[in-house]
Amino acid sequence: MSARIIDGKRISEEIREEIKQEVERLLARDVRPGLAVVLVGEDAASQVYVRNKAKACDDLGFYSEVHRLPASTTQDELLALIDRLNGQASIHGILVQLPLPKHIQEKAVIDAIAVDKDVDGFHPVSVGNLMIGDDALLPCTPSGVIELLKRTGNDPAGKHAVVIGRSNIVGKPVSMLLLRENATVTMTHSRTPNLPEVARQADILVVAVGVAQLVKRDWVKPGAVVVDVGMNRLDNGKLCGDVDYDDVAPVAGWITPVPGGVGPMTITMLMQNTLKSAKRTHGIA
Ligand code: GUN
């Protein structure tokens, strides 16, 4: 039997419909969620991401501002812009597209974003709130993974989740979220001995390492839920994940495709965070 597909595109559209209805409700009270996206420099991939974020805002009826700054922008100039956006009432979320040019310290920039507008969930206070289980704006890709699981009936509670990869933007936060959802979580990485054997213990296997097609059929317990956060380009130009999809799909119970799995969820969760921030600011339940 072949795995059921976790259709991130469809689930993402479903959530966007819910967001649209919420926006209607807010507009009736004269509140429009607003997102500021800041892009420094000319990175080609970043330009595409920023365009997609602005388009998502348009589609959902959000207010948006895109600040495109030259690569020569100084750190102080960028910090001054963030300071201004922190105080701007029409803006409920601030996203500074990463990576930044080398002469700008990423940490200084992330630290400067007001915690209640930190829709990326990258600020140390947001990370701390996630860790202690306080209400926080959650990082988008990890919360997208949790939504995919829940909306396909794969509640993590009581399951053994194995996470491969320990990055600050995916591996660590998704592990904390799975723990919060009452999974038993094993965090693994490049120095974990017998990685395939550990992965094979998983009821839910989340892979975020950035190595094309690393995970093979013998890493997966029959019937397991496999969530592939990877996005790699093969020499032939084809996109693929960190999971060897064709090899794994026949044994998994559920699997996310790449593209069309986790990818579409990231921007949707960014919109959801911006909506949440707007509601909080205006005391709307
Ligand atoms: N660059 C690639 N992914 C992301 C992301 O999720 N947030 C930000 N700010 N920059 C990114």
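Chains are numbered independently. Their residues run from 1 in the order of the written sequence. Local features in this predicted model are restricted to residues whose pLDDT is 70 or higher, and side-chain atom pairs enter the listing and the counts only when it is 80 or higher, whereas totals over whole chains, interfaces and linings include all residues. Excluded from the side-chain calculations are hydrogens and water; all other atoms, namely the structure's heavy atoms, are used.

S.K.: Even after reading the chapter, I still don't get the overall build of the protein, so can you show me in this structure?
M.R.: Helix and strand assignments follow DSSP, with helices taken as H or I runs no shorter than four residues and strands as E runs no shorter than two, numbered in order from the N terminus. A count of helical and extended segments in the protein gives ten helices and eleven strands. For 285 residues, the compact-globule estimate of 2.2 N^0.38 gives 19 Å, and the C-alpha radius of gyration of the protein, at 19 Å, lies within 12% of that figure. Its C-alpha atoms give the protein principal-axis dimensions of about 50 × 45 × 35 Å. In the protein, which comprises 285 residues, the share counted as buried stands at 49%. Here the globule rule reads 2.2 Å times residues to the power 0.38, and the radius of gyration is calculated from C-alpha atoms. Categorising residues by exposure relies on relative accessible area from a 1.4 Å probe, with only protein chains included: less than 20% of the type maximum marks a residue as buried, more than 50% marks it as exposed, and the intermediate range marks it as partly exposed.

S.K.: Where do I start with the environment of Ala-157 in this structure?
M.R.: By secondary structure assignment, the location of Ala-157 is in the loop between α6 (140-150) and β5 (160-164). We classify Ala-157 as partly exposed; its relative accessible area is 37%. For Ala-157 and Glu-181, which are 24 residues apart along the polypeptide, the C-alpha to C-alpha distance reads 5.6 Å. Excluding residues that lie within four positions of it along the chain, Ala-157 makes contacts with Glu-181, Asn-182 and Ala-183. What makes two residues a contact is simply this: any of their non-hydrogen atoms within 4.5 Å.

S.K.: Would you mind showing me how to read the sheet that holds strand β3 (residues 63-69) here?
M.R.: The strands that make up a sheet pair up through hydrogen bonds in the backbone, lying either parallel or antiparallel. Taken in spatial order, the three strands make up an open sheet running β3-β2-β4, and their pairing is parallel. Both edges of this open sheet fall to β3 and β4 (93-96), since each of them pairs with a single strand only. Shown here is a sheet whose adjacent strand axes are inclined to one another by a mean of 15 degrees, direction ignored. Pairing between two strands requires that DSSP report at least two bridges joining them. One ladder, built from four bridges, connects strand β2 (residues 34-40) with β4; its direction is parallel. Where helices are involved, their axes are fitted lines through C-alpha atoms of the stretch in contact, as for all axes, and angles between N-to-C directions lie from 0 to 180°.

S.K.: What exactly am I supposed to notice about the site of the ligand here?
M.R.: Around the ligand, a shell composed of Leu-95, Val-96, Gln-97, Leu-98, Asp-120 and Phe-122 is seen. Separating a nitrogen atom of the ligand from a backbone N or O atom of Val-96 is a distance of 2.8 Å. For this analysis, a polar contact is any N or O atom pair within 3.5 Å, provided that within protein one partner can donate a hydrogen and the other can accept it, and provided that sequence-adjacent residues contribute only side-chain to side-chain pairs. At 2.5 Å, a side-chain N or O of Asp-120 approaches a nitrogen atom of the ligand. Surface accessibility in these figures is a Shrake-Rupley result with a 1.4 Å probe; residues are shielded only by whichever protein chains are displayed. Burial of the ligand by the surrounding chains reaches 76%, relative to a free accessible area of 280 Å². Note on residue categories: nonpolar means Ala, Val, Leu, Ile, Met, Phe, Trp, Tyr, Cys or Pro, charged means Asp, Glu, Lys or Arg, and polar means any other residue, Gly included. Counted by class, the shell around the ligand contains four nonpolar, one polar and one charged residues. A molecule or strand has a residue near it when one of that residue's heavy atoms lies within 4 Å.

S.K.: Sorry if this is basic, but what is going on with the environment of Leu-69 here?
M.R.: Positionally, Leu-69 belongs in strand β3. Separated by 29 residues in the primary sequence, Leu-69 and Val-40 have C-alpha atoms spaced 4.7 Å apart.

S.K.: Mind showing me how you'd approach the pattern of salt bridges here?
M.R.: Pairing of side chains with opposite charge becomes possible as their charged atoms draw close. The salt bridge definition used is simple: a Lys or Arg side-chain nitrogen within 4 Å of an Asp or Glu carboxyl oxygen. Scanning the model with the defined rule gives 16 salt bridges in all. For Glu-13, the salt bridge goes to Lys-9, with nearest N and O atoms at 3.7 Å. Placement of the pair is Glu-13 and Lys-9 together in helix α1 (residues 8-27), with a separation of four residues, close to one helical turn. According to the relative accessible area criterion, Glu-13 is partly exposed, its value standing at 47%. Salt bridges here are not isolated pairs; linked through shared partners, they connect Arg-10, Glu-14, Glu-18, Glu-147 and Arg-151.

S.K.: Looking at this model, I keep getting lost on the packing of α1 against helix α2 (residues 44-60). Mind explaining?
M.R.: Two numbers describe a pair of packed helices, the interaxial angle and the distance between the axes. Closest axis-to-axis distance for the α1/α2 pair is 9 Å, and the angle between their directions is 55 degrees. In terms of orientation, α1 and α2 fall into the oblique class. Contacts between α1 and α2 involve Arg-16, Ile-19, Lys-20 and Val-23 on the former and, on the latter, Ala-56, Asp-59 and Leu-60. By residue class, the composition of the contact of α1 with α2 is four nonpolar, no polar and three charged. Every angle not falling under 35 degrees, over 145, or within 65 to 115 is termed oblique; those three ranges are roughly parallel, roughly antiparallel and roughly perpendicular.

S.K.: I would appreciate a short explanation of the nonpolar core in the present structure.
M.R.: Where a protein is soluble and globular, its nonpolar side chains tend to be buried together. Residue types Ala, Val, Leu, Ile, Met, Phe, Trp, Tyr and Cys, when buried and joined through side-chain atoms within 4.5 Å, form a set referred to as a nonpolar core. In terms of nonpolar packing, the biggest core is built from 50 residues, with Ile-19, Phe-62, Val-145, Leu-178, Val-206 and Met-271 touching the most fellow members. With seven residues, helix α10 (residues 263-281) is the single largest residue contributor to this core. The next biggest cluster of nonpolar side chains, apart from the first, holds 17 residues, and it includes Ile-164, Leu-195, Ala-199 and Ala-252.

S.K.: I keep staring at the sheet that holds strand β1 (residues 4-5) and nothing clicks. Help me out?
M.R.: If you walk across this open sheet you meet the six strands as β1-β11-β8-β7-β5-β6, and the pairing is parallel. Both edges of this open sheet fall to β1 and β6 (184-188), since each of them pairs with a single strand only.

S.K.: Hey, could you run me through unusual backbone geometry in this one?
M.R.: Generally, phi is negative for residues other than glycine and the peptide bonds are trans, each holding for most cases. Cis rather than trans, the peptide bond between Leu-98 and Pro-99 has omega equal to 0 degrees. For Pro-99, the position within the fold is in the loop between β4 and α4 (106-112). A cis amide bond links Val-258 to the next residue, Pro-259, at an omega of 0 degrees. Structurally, the position occupied by Pro-259 is in the loop between β11 (254-255) and α10.

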